[in-house]
Amino acid sequence: MIKSNFKDYQLSSEILKAISMLNFESPTKVQEQVIPAALEDKDIIVKSQTGSGKTAAFAIPICQLVDWDENKPQALVIVPTRELAIQVQEDIFNIGRFKRIKVAALYGKSPFYIQEKELKQKTHVVVGTPGRIIDHIERGTFDTSNIKYLVIDESDEMLNMGFVDDIETIIGSLPKKRVTMLLSATMPKDIEVLCTKYMKQPIHVEIEEESSSADRISQERYAVDHNDKIKLLRDITIVENPDSCIIFCNTKQKVDEVYDELTNLKYTCEKIHGGMEQRDRLRVMKDFKQGYFRYLVATDVAARGIDIDNISLVINYDIPQDRESYVHRIGRTGRISREGRAITFVTRYEGKFLKDIQKYIGKEIPLKERPEEEIINNSKQEFVEKINSSPEFKETKGAPLDKEIMKLHINAGKKTKMRPVDIVGTLCSIEGMTAEDIGIINVLDVSTFVEILNNKGEMVFQELQNKNIKGRPRKVSKAEM
Ligand code: AMP
């Protein structure tokens, strides 16, 4: 079979460059079908699992199609959770990096006014959770009059969370003439109803996975008494000695409890659940993605759609009570054709959940004997060495794109009437600089951030030490990316 190539599509050099720097060598199956159709402004229904490259499948055509010169948002992506909103925002931002696409993320438990300020500036794409999107629409801070592309991501999860009415409210505020894409891992009746009501002759894309994540991941279970779970968790982690591991529990209380136990045992460990402050949740996810610690104790908030590479082991400390949740949890390991490993603890009262899961995944999860004391003792030294060593640091996905970009801070902003055009004027007067070398410009009250692309940052930084910006010398320094 001839492998298709991103160059076969009508994509600009800026988008192709970002794709190549993100190390996407060839389109995934879902991308092969979605990208060309979306580039022709077709409505599309996609049935596909997370981990199939579906975010880039809609992000690539959207980044290609939005008009950079237009200030009002042109694309809206609705997602079920805040974590996903941030992740999808980052993915679109990375793909649109060299076209200078601005992507705002709107989600709850985060200051409204900061999002409002962001929306006042040029914004091409908005990604958000339903409740906060509606807040912004109702308060007039999100102008939807120019939305041409709507994406409803993780639709089945959105339905499970009771967001149907919210989605209909949002759709009601959008222009009728638009392209709509809907993505879902499963296609329950309610979603079909939504599609018939709001989509125009949609194309159906269904991706049969060659090997489903459930096949790719080696799965085992242990029978355990409720009171003995912590001991079993210790034993298993000693023997398995994973580089990185998520331990799923069914409730916040249990997460707190297991986290406290592991911290006492000096595991490098963090926790995440819905009861925590949003800021802390985001920090924990970011640190885990970058490999700052090995063990994450989590509720299902970390199970859906969250894209972390290289998790070697998933442990269901509590067996999930719904079968889809099982597939999502174990899908955190074995991403994009990697092999993964998942272990589930089952107490004697939980047989019915196990049965249901096995029926759903279409196979039995083999029962394992607990590791013998001798094996545990023999594994201890290596285990202790690993928990006392730092995990391997992982770069963020966008890091390769940042390498040729430098962000500069200019000590002047809106209060001194600084406008993006003033910055562009000065930068383009530097020899060797063109508008193509200028990335995102963010003018705040008393400061301005501007990105210099194509490895020209250092040169521009030096030049600006002695050059006037809007008639005066300004303090210019290098900013953190
Ligand atoms: P998603 O299904 O959107 O959660 O994507 C899963 C992962 O696949 C993400 O880490 C993407 O960055 C990565 N990815 C997306 N498209 C490609 C591609 N064409 N080649 C390699 N990796 C990809």
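Along each chain, numbering runs from 1 in the same order as the chain's sequence is written. The model is predicted, so local features are restricted to residues of pLDDT at least 70 and side-chain atom pairs to those at 80 or more, both for listing and for counting; the totals for chains, interfaces and linings are taken over all residues. Only hydrogens and water are set aside; all other atoms, that is, all heavy atoms of the structure, feed into the side-chain values.

Participant: How would you summarise the sheet that holds strand 3 (residues 103-106) if you had to cite specific residues and measurements?
Facilitator: Pairing between strands is defined by DSSP: at least two bridges between them are needed. The secondary structure listing takes helices from DSSP runs of H or I that are at least 4 residues long and strands from runs of E that are at least 2 residues long, numbered from the N terminus. Spatially, the seven strands line up as an open sheet ordered 3-4-2-5-6-1-7, and their pairing is parallel. Of all strands in the sheet, those with a lone pairing partner are strand 3 and strand 7 (203-206), marking the two edges. The average angle at which neighbouring strand axes cross in this sheet is 15°, direction not considered. When strand 3 meets strand 4 (residues 125-128), the two strands line up parallel, connected through four bridges. Note that in strand 4 the partner of V103 across the bridge is V125. Note on contacts: a residue pair qualifies if any of its non-hydrogen atoms lie within 4.5 Å across the two residues. Where helices are involved, their axes are fitted lines through C-alpha atoms of the stretch in contact, as for all axes, and angles between N-to-C directions lie from 0 to 180°. Contacting strand 1 (44-47), strand 6 (179-184) and strand 7, helix 2 (residues 29-39) crosses the sheet at an angle of about 170° to strand 1.

Participant: Give a description of the domain arrangement of the protein chain that names residues and reports values.
Facilitator: In this entry, domain limits derive from an automatic or database-based domain assignment. The domain architecture assigned to the protein chain consists of domain 1 (6-206), domain 2 (213-388) and domain 3 (404-479). When each unit is reduced to the centre of its C-alpha atoms, the spacing between domain 2 and domain 3 is 47 Å.

Participant: An account of the side chain of K54 is requested, with residue identities and associated values reported.
Facilitator: Of note, K54 is situated in helix 3 (residues 54-65). Only 2.8 Å separates the side chain of K54 from the side chain of D153, close enough to count as a polar contact. With near-sequence residues (within four places) excluded, K54 lies in contact with V30, S48, Q49, D153, E154 and L183. Here a polar contact means two N or O atoms within 3.5 Å. Within protein one must be a hydrogen donor candidate and the other an acceptor candidate, and residues neighboring in sequence count only if both atoms are side-chain atoms.

Participant: Before we move on, could you go through the packing of aromatic side chains and cite the residues and values that matter?
Facilitator: Each Phe, Tyr or Trp ring (for Trp, its six-membered ring) is paired with any other whose centre lies within 6.5 Å, and the angle between the two planes then decides the class: stacked below 30 degrees, edge-to-face above 60, tilted in between. Across all of its chains, the model carries five aromatic pairs by this definition. Measuring from ring centre to ring centre gives 5.2 Å for F288 and F293, while their planes differ by 25°; the resulting arrangement is stacked. Note on F288: relative accessible area 2%, which makes it buried. What links up through ring pairs into an aromatic cluster is the set Y267, Y295 and F383. Just above the ring of F449 sits the side chain of K407; from NZ or CZ to the centre is 5.5 Å. Remark: exposure states derive from per-residue accessible area (1.4 Å probe, protein chains only) relative to the maximum for the residue type, with buried under 20%, exposed over 50%, and partly exposed in between. In this scheme, Lys NZ or Arg CZ marks a charge over a ring once it lies within 6 Å of the ring centre and within 35 degrees of the ring normal.

Participant: Run through unusual backbone geometry, naming residues and quoting values.
Facilitator: The phi dihedral of R100 is positive, around 60°, even though this residue is not glycine. Locating R100 in the fold gives a position in the loop between helix 4 (82-95) and strand 3. Here the phi dihedral of N454 falls at roughly 55°; this positive angle occurs in a residue that is not glycine. By relative accessible area, N454 is classed as partly exposed at 28%.

Participant: Describe the nonpolar core, naming the residues involved and giving the relevant values.
Facilitator: Generally speaking, soluble globular proteins have nonpolar side chains that are buried together. In this structure, F58, I60, I62, V77, I92, V125 and V127 are the most contacted members of the largest nonpolar core, which totals 50 residues. By residue number, the principal contributor to this core is helix 3, which donates seven residues. With residues up to four places along the chain from it excluded, the contact list for V77 reads F58, V88, I92, V125, V126, V127, G128, I133 and V151. Counting 26 residues, the second-largest nonpolar core is a separate cluster that includes V284, A298, I311 and I365. What we call a nonpolar core is a set of buried Ala, Val, Leu, Ile, Met, Phe, Trp, Tyr and Cys residues that are connected through their side-chain atoms within 4.5 Å.

Participant: So what's going on with the pairing of strand 15 (residues 438-443)? Residues and values would help.
Facilitator: Most of strand 15 is tucked away, with five of its six residues classed as buried. Where strand 15 lies against strand 16 (residues 448-452), four bridges are found, and the strand directions are antiparallel. Note on strand 16: the bridge partner recorded for V443 is T448. Between strand 15 and strand 16, which pair antiparallel one after the other, the connecting turn spans four residues.

Participant: I'd love a proper account of the packing of helix 11 (residues 229-240) against helix 16 (residues 373-387), names of residues and values included.
Facilitator: Running from N to C, helix 11 and helix 16 point in directions that differ by 60°, and their axes come no closer than 8 Å. Classified by the angle their axes make, helix 11 and helix 16 are oblique. Pair helix 11 / helix 16 crosses with left-handed handedness. Along the contact surface, helix 11 presents K231, D235, T237, I238 and V239, while helix 16 presents E373, I375, I376, S379, K380 and F383. By the definition adopted for this analysis, an angle is roughly parallel if under 35 degrees, roughly antiparallel if over 145, roughly perpendicular if from 65 to 115, and oblique otherwise. Crossing handedness: left-handed means the near helix sits turned counterclockwise from the far one by under a right angle, and right-handed means the same turn made clockwise.

Participant: Can you break down the state of the cysteines residue by residue, with the values?
Facilitator: In what follows, a disulfide is any cysteine sulfur pair within 2.5 Å. Counted under the stated rule, the structure contains zero disulfides. Not part of a disulfide, C245 finds its nearest cysteine sulfur in C269, a span of 9.4 Å. What makes C245 buried here is its relative accessible area of 0%.

Participant: Which residues make up the pairing of strand 16, and what are the values?
Facilitator: Counting buried positions along strand 16 gives four out of five residues, so the element sits mostly inside the fold. Relative to strand 16, strand 14 (residues 406-410) runs antiparallel, the two sharing five bridges. Each residue of the ladder has a partner; that of I410, found in strand 16, is T448.

Participant: An account of the sheet that holds strand 16 is needed here, citing residue identities and associated values.
Facilitator: Reading across from one edge, 15-16-14-19 is the order of the four strands in this open sheet, with antiparallel pairing throughout. Looking along the sheet, the strands with just one partner apiece sit at the ends: strand 15 and strand 19 (476-479). Along the sheet, successive strands turn relative to each other by an average axial angle of 25°, direction set aside. Sheet strands in contact with helix 18 (residues 420-428) are strand 14, strand 15 and strand 16, and its direction is about 145° off that of strand 15.

Participant: Could you give me a rundown of helix 18, with the residues and numbers involved?
Facilitator: Every buried residue of helix 18 is listed here: D422, I423, T426 and L427. One side of helix 18 carries all its buried residues, which in axial view fall inside an arc of 125°. Packed against the buried residues of helix 18 are strand 14, strand 15, strand 16, helix 19 (457-464) and strand 17 (468-469). The arc in question is the one traced by the directions running from the helix axis out to the C-beta atoms.

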